[in-house]
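# Structure at a glance
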2 protein chains.
Amino acid sequence: MIFPVLSILVFSGIVLLPVLLPVAGTDNALEKAAGLNNGKAAQNFTQLERLALGNVQKESSRLWAFLLSVYWVSFVTYFVLWKSYKHVSNLRAAARSTSDVKPEEFAVLVRDVPVPPPDQTIKDSVDSYFRALHPDTFYRSMVVMDHTKADKIYQEIESHKQKIARAEVVYAESKTASKPEGTKPTHRIGFLGLIGKKVDTIEYCNDKIKELVPKLESEQKITLREKQQQAAIVFFNRRSAAASASQTLHAQMYDRWTVMQAPEPREIVWSNLSKKIYERQIRQVVVYAIVFFTVVFYMVPITAISALTTLEKLREKLPFLKVVVDQKEIKTVLQAYLPQLALIVFLALLPSLLMFLSKLEGIPSQSHTVRAAAGKYFYFVVFNVFLGVTIGSTLFSALTTIINNPRGIINMLANSLPGSATFFLTFVALKFFVGYGLELSRLVPLIIFHLKRKYLCKTEDDVKAAWAPSDLGYNTRVPNDMLIVTIVLCYSVIAPLIIPFGVAYFSLGWLIAKNQVSQELLSLTQV
Amino acid sequence: MIFPVLSILVFSGIVLLPVLLPVAGTDNALEKAAGLNNGKAAQNFTQLERLALGNVQKESSRLWAFLLSVYWVSFVTYFVLWKSYKHVSNLRAAARSTSDVKPEEFAVLVRDVPVPPPDQTIKDSVDSYFRALHPDTFYRSMVVMDHTKADKIYQEIESHKQKIARAEVVYAESKTASKPEGTKPTHRIGFLGLIGKKVDTIEYCNDKIKELVPKLESEQKITLREKQQQAAIVFFNRRSAAASASQTLHAQMYDRWTVMQAPEPREIVWSNLSKKIYERQIRQVVVYAIVFFTVVFYMVPITAISALTTLEKLREKLPFLKVVVDQKEIKTVLQAYLPQLALIVFLALLPSLLMFLSKLEGIPSQSHTVRAAAGKYFYFVVFNVFLGVTIGSTLFSALTTIINNPRGIINMLANSLPGSATFFLTFVALKFFVGYGLELSRLVPLIIFHLKRKYLCKTEDDVKAAWAPSDLGYNTRVPNDMLIVTIVLCYSVIAPLIIPFGVAYFSLGWLIAKNQVSQELLSLTQV
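Residues numbered from 1 in each chain as written. Chains lettered and ligands numbered in written order. Predicted model: local features only at pLDDT ≥ 70, side-chain atom pairs only at ≥ 80, totals over all residues. Heavy atoms only, no water.

A few words on the overall build of chain A. Of the regular secondary structure elements, chain A holds 22 helices and six strands. The proportion of buried residues among the 527 residues of chain A is 37%. Contacts in chain A between residues at least 24 apart in sequence constitute 76% of all its contacts with a sequence separation of at least 6. (Helix = DSSP H or I, 4+ residues; strand = E, 2+ residues; numbered from the N terminus. Buried < 20%, exposed > 50% of the residue type's maximum accessible area, 1.4 Å probe, protein only. Contact = heavy atoms within 4.5 Å.)

Spelled out as structure tokens, the structure:
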């Protein structure tokens, strides 16, 4: 995504900077306006503002240069997008036709399987249905099963195994020269290991595992037989057959046998597979409504929380804070920053909230969920950062204005956009200097890793798991970059000086993303 | 289509008529209003108006009955639509799985075939492409060819054959008792048979046919070899394979190898098959723009034409009209009716214009063209008849009002809808009494048939061709019925008395449509 954006900005900048900067810089609307209003404050504007559209006089023929620039930027954008569409399409086609086959390329995900007649299992009905429709290419099917119970037992076994491994490390460390037999680690079997009988960890866990394994096996058999869900993954014997089947309507009524491309195995959100089509639709509507209200009225809960959590109230509720709060300096600072703190906490929690909401929609693949969350976050930042700052009021009051007078939106934007040019120029520069600095240092993950290693990790595996890189955070990275794209493209003609900042932001971003991706690939192969 | 509408209206009427008529009839808002304004004209409203929403007083609790009625009508409508969706879907599934197979069920239409490498014909490239993608189910392909030239020769041969047949009938008739050898029919070979050498028709045409047949054969060979178009019909060996292929993307780029279900052979609009995807898109945009302006500004050309064709101007241009126009009575009538005449001519030509425009869009099947034209016509009648009458001004001024104040549309409709209730009640009744009367009598087709038989038809085949029924005219019939549906549903709660008229319209319409369809089927089997 970064490379096409860079191309757009560079090609736009090559023409816009040498043309528009002199055109705007040599005019003197700002000086005149300042001179008229107040003879003394004739220099009451920055040099940045001199180089923008705001410095061109009304009905000046210089405006033609700006109009033509709009066409040039649009043309460059469409052209680069078209080129990169082709490029991405070729990449995808190449990936789909390599000899390096992946199982999901031969499969489709089938949901909303109708309830079969009583003498058939769901697997039988899926098999016969797809064999009839794809006699030459159907290979086999896998019905999704609800193995919550079996899974729980498996998890228990695994945790016991982990405990044994840790206990063995502890036991080995305790065999010092002075005490060669060591002390066998013990724990209590009650709540959180705090109460109950004290037992030898290694022996106890081994017994438990022996007890659980047959239980797991019998549970697995029951699951296979009785807990088939109304969803399945169907495999074909050719890639093209699977691709074609995933695009085809498979039933007469649209609410049955819905098919789609199978996601990668590690990406499937299993809990969403068995959700029915109507449930998914209702969930989607509800989630969209919640997101809409979050985007538009996001200030309401924050002000409410700030009002509730005034210092006085906090002091009453949590008396142990008294010592801190009663000091005068701290009190002043806290009183000033509590609302901002609420805002920061809300903004920090927002991506997780949006991810959670997107998962609730019933999307069956993890990466689609991330994409859905990224879309929601993009709406949030565009509405609240871009429009919010531009229009200079909360989005809600702007919305009512727009509803009352939709044609007024053009005037409203035309009046307020040039005014915020300097703000956004600074915004992009700040993102570039500070944002990427924090990103590069990866301070937070480092701290978390060291805390983990010190207090939680016992075995080699634990250390590896802690060191494993987290994902790239597409759900906030992409919308944040898209916000910068939106801002830079929008202001590229109004204040062309923003283009170099945009170029710098995305060239650095490109380097960092490449670096992070290659590191991540490295660690993935290491693990 | 008619049966579900009837069900909706009957079910709505069963509840609305017995409930709303007494509720409205026993109130007295109209009497009060009339009494307040003018004591004498207390009866200045019709009995129809007494039985509508307009007679209920402001903020009366009787309005709840109307609100609940809206929910009832909506519920009935959704329920019936859902039922008939299922019904139609079942019908279609049954038709698709009968043993009575149709060739188009095994075929897909492929357009935008890319230009093949020079050593391949288009047919080769289609064959190899589809054989690779559908190795088990591909049967064969037929490439569309531009046989305009061959067709022209074929038409010529056919017209000569027809001439011979007619000439033989004339020759046989000329063999009377008094002149047993008869007179051989002759014609001139020049322009329109008016000038040139006189020849014996039968001999001349036979010679011509002998001359043209080898020409046709050689032209057919050339066409097969060299005039392949970039479109093809691909056949599969299974219905399900064709159905699945028609829904699948066949190429990496969306502008190549576009596939769709093959239309019935007799329905294909051959000239549209070879149009490229971008050409089709541009044509569609242009056609939609033209239709938009036709719908919104339809009064403009009519007033312009009326202004141009004032009697004075006509008199100057066409002097032979003087005798008629100079008579005073005729002049008065003509002057009054010329604008209406222009309007009537425009409205009569409109369906043909819309059919023509829809064909220009590049739709490859005749029935889709009819559907597209019907949609356009529906917009026209809804905007100009329904909204035009309701809002009581031309659509254009209404549009500007809406653009200036979008929220005002609710007030505008709320103010004007009840006022036009009586008008639309009369409108539906008129359609019912007069429209269907004309339809049933089929006066115009009868006149045309008799004219044809008298002056044009010579052979038995000609008479059959003239008697063959024209199509049902879906492109005007469906939108007109939909207009009635819109009107009746819209006024069903405001003035419930409209429901019986709607029911009458559609029950009669059902009978007539059944009658016409069965007649048409009869004559189709006869021919």
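Let's shift gears to the sheet that holds strand 1 (residues 107-111) of chain B. Residue and element names in this part refer to chain B. With respect to topology, four strands assemble into an open sheet ordered 2-5-1-6, the strand pairing being antiparallel. Each having just a single partner strand, strand 2 (138-145) and strand 6 (258-261) make up the two edges of the open sheet. Taken over all neighbouring pairs, the strand axes of this sheet differ in orientation by 25 degrees on average, direction set aside. Two strands pair when backbone bridges link them, and strand 2 and strand 5 (residues 228-236) are joined in this way by six bridges, in the antiparallel orientation. Residue pairing in the sheet places Met 142 in a bridge with Ile 233 of strand 5. (Pairing = 2+ DSSP bridges. Axes fitted to C-alpha atoms, helices over the stretch in contact; angles between N-to-C directions.)

This paragraph deals with the sheet that holds strand 1 (residues 107-111) of chain A. All names here are of chain A. With respect to topology, four strands assemble into an open sheet ordered 2-5-1-6, the strand pairing being antiparallel. At either end of the open sheet lies a strand with only one pairing partner, and these are strand 2 (138-145) and strand 6 (258-261). Strand-to-strand twist in this sheet, taken as the mean axis angle between neighbours without regard to direction, amounts to 25 degrees. Looking at chain direction, strand 1 and strand 6 are connected through four bridges and run antiparallel. Bridging from a neighbouring strand, Val 110 pairs with Val 259 of strand 6.

This part takes up the pairing of strand 1 of chain A. Residues in a regular strand project their side chains so that they alternate between the two faces of the sheet. Residues and elements named next belong to chain A. In terms of burial, strand 1 is a largely internal element, five of the five residues being buried. Neither face of strand 1 is open: one carries Ala 107, Leu 109 and Arg 111, the other Val 108 and Val 110, and all of them are buried. Pairing of strand 1 with strand 5 (residues 228-236), which is carried by four bridges, proceeds in the antiparallel orientation. In the sheet register, Val 108 faces strand 5, and the bridge partner there is Val 234.

What follows deals with the environment of Phe 501 of chain B. Residues and elements named next belong to chain B. Relative to the helices and strands, Phe 501 resides in helix 22 (residues 498-526). By relative accessible area, which is 26% here, Phe 501 ends up partly exposed. When the C-alpha atoms of Phe 501 and Phe 432 are compared, they prove to be 7.7 Å apart, with 69 residues separating the residues in sequence.

Right, let's get into the relation of the copies chain B and chain A. Put simply, the two copies of the chain differ by a rotation about an axis and a shift along that axis. Take chain B, turn it by 180 degrees, move it 0.0 Å along the axis, and it overlays chain A with an RMSD of 0.1 Å. On this basis, the relationship between the two copies can be described by a two-fold rotation axis. Here 100% of the interface residues in chain B have copies in chain A that are interface residues too; the copies meet face to matching face. (Least-squares fit on C-alpha atoms with pLDDT ≥ 70 in both.)

What follows concerns the packing of helix 6 (residues 148-174) of chain B against helix 7 (residues 201-226) of chain B. Residue and element names in this part refer to chain B. Orientation of helix 6 relative to helix 7, taken along the N-to-C sense of each, is 160 degrees, at an axis distance of 9 Å. Between helix 6 and helix 7, the interaxial angle falls into the category roughly antiparallel. Relative to helix 7, helix 6 is oriented so that their crossing is left-handed. Of the residues assigned to the contact of helix 6 with helix 7, the class counts are 13 nonpolar, five polar and eight charged. (Parallel < 35°, antiparallel > 145°, perpendicular 65-115°, else oblique. Left-handed = near helix turned anticlockwise from the far one by under 90°. Nonpolar A, V, L, I, M, F, W, Y, C, P; charged D, E, K, R; others polar.)

Time to look at a nonpolar patch on the surface. On the surface, a nonpolar cluster with roughly 640 Å² of combined accessible area is contributed by Trp 82 and Tyr 85 of chain A together with Tyr 254, Tyr 278, Ile 282, Val 286 and Ile 290 of chain B. Secondary-structure elements contributing two or more residues to the nonpolar patch are helix 4 (63-96) of chain A together with helix 10 (277-296) of chain B. Examining the composition of the nonpolar patch, we find that four residues originate from one element, helix 10 of chain B, more than from any other. By secondary structure assignment, the location of Tyr 278 of chain B is in helix 10. A relative accessible area of 36% places Tyr 278 of chain B in the partly exposed class. (Patch = residues over 30% accessible without salt bridge, like charges linked within 9 Å, V, L, I, M, F, W, Y side chains within 5 Å. Areas by Shrake-Rupley, 256 points an atom, 1.4 Å probe, with all protein chains shown as cover. Salt bridge = Lys/Arg side-chain N within 4 Å of Asp/Glu carboxyl O.)

Counted by the stated rule, this structure contains 32 aromatic pairs over all chains. Counting every residue linked through ring pairs, the aromatic cluster contains Phe 386, Phe 423, Phe 424, Phe 427 and Tyr 491 of chain A. (Phe/Tyr/Trp six-rings, centres within 6.5 Å; stacked < 30°, edge-to-face > 60°.)

Let's shift gears to the side chain of Asp 255 of chain B. All names here are of chain B. On the secondary structure map, Asp 255 appears in the loop between helix 8 (239-246) and strand 6. This buried residue, Asp 255, is left without a salt bridge; Arg 256 holds the nearest opposite charge, at 4.1 Å. A distance of 2.8 Å separates polar atoms of two side chains, one belonging to Asp 255 and the other to Tyr 278. (Lys, Arg positive; Asp, Glu negative; His and termini not counted. Polar contact = N/O pair within 3.5 Å; in protein donor to acceptor, adjacent residues only side chain to side chain.)

To continue, consider the environment of Lys 184 of chain A. Residues and elements named next belong to chain A. Among the secondary structure elements, Lys 184 is positioned in the loop between helix 6 (148-174) and strand 3 (186-188). A relative accessible area of 43% places Lys 184 in the partly exposed class. Residues within four places of Lys 184 in sequence aside, it is in contact with Tyr 171, Asp 200 and Glu 203.

Taken together, the contact between chain B and chain A spans 24 residues of the former and 24 residues of the latter. In total, about 2100 Å² of surface goes out of reach between chain B and chain A, with carbon and sulfur atoms giving 48% of it. Ranking the residues of chain B by area buried against chain A places Gln 247, Gln 252 and Met 253 of chain B at the top, with a combined share of 24%. Applying the counting rule to chain B against chain A returns two salt bridges. Counting every contact that joins chain B to chain A gives nine residue pairs in polar contact (both at pLDDT 80 or more). Elements represented by at least two residues in the side of chain B that touches chain A include exactly helix 4 (63-96), helix 8 and helix 16 (395-404) of chain B. Ranked by residue count, the leading element in the side of chain B that touches chain A is helix 4 of chain B, at six residues. A per-class count over the side of chain B that touches chain A returns eleven nonpolar, nine polar and four charged. (Buried area = accessible area lost by both parts, 1.4 Å probe.)

Between its first and last C-alpha atoms helix 10 of chain B spans 29 Å; for 20 residues at 1.5 Å apiece the expected length is 28 Å, and the two agree. Within helix 10 of chain B, burial applies to Ile 277, Arg 280, Val 287, Val 291, Thr 294, Val 295 and Val 296 of chain B. (Expected span 1.5 Å × (residues − 1).)

A few words on the environment of Leu 53 of chain A. Turning to its location among the elements, Leu 53 of chain A is positioned in the loop between helix 3 (47-50) and helix 4. In contact with Leu 53 of chain A, other than residues within four places in its own chain, are Leu 63, Phe 66 and Ile 494 of chain A.

The phi torsion at Asp 112 of chain A lies on the positive side, around 55 degrees, for a residue other than glycine. With a relative accessible area of 5%, Asp 112 of chain A lands in the buried category.

Once that is clear, we can look at the pattern of salt bridges. Considering all chains together, one arrives at 20 salt bridges over all chains under this definition. Where Asp 136 of chain B meets Arg 238 of chain A, a salt bridge forms, and the shortest distance between an N and an O atom there is 3.2 Å. Taken together, the positions of Asp 136 of chain B in the loop between helix 5 (122-133) and strand 2 and Arg 238 of chain A in the loop between strand 5 and helix 8 (239-246) put the pair across two chains. Owing to a relative accessible area of 35%, Asp 136 of chain B belongs among the partly exposed residues under this scheme.

The analysis is restricted to geometry; functional conclusions fall outside its scope.
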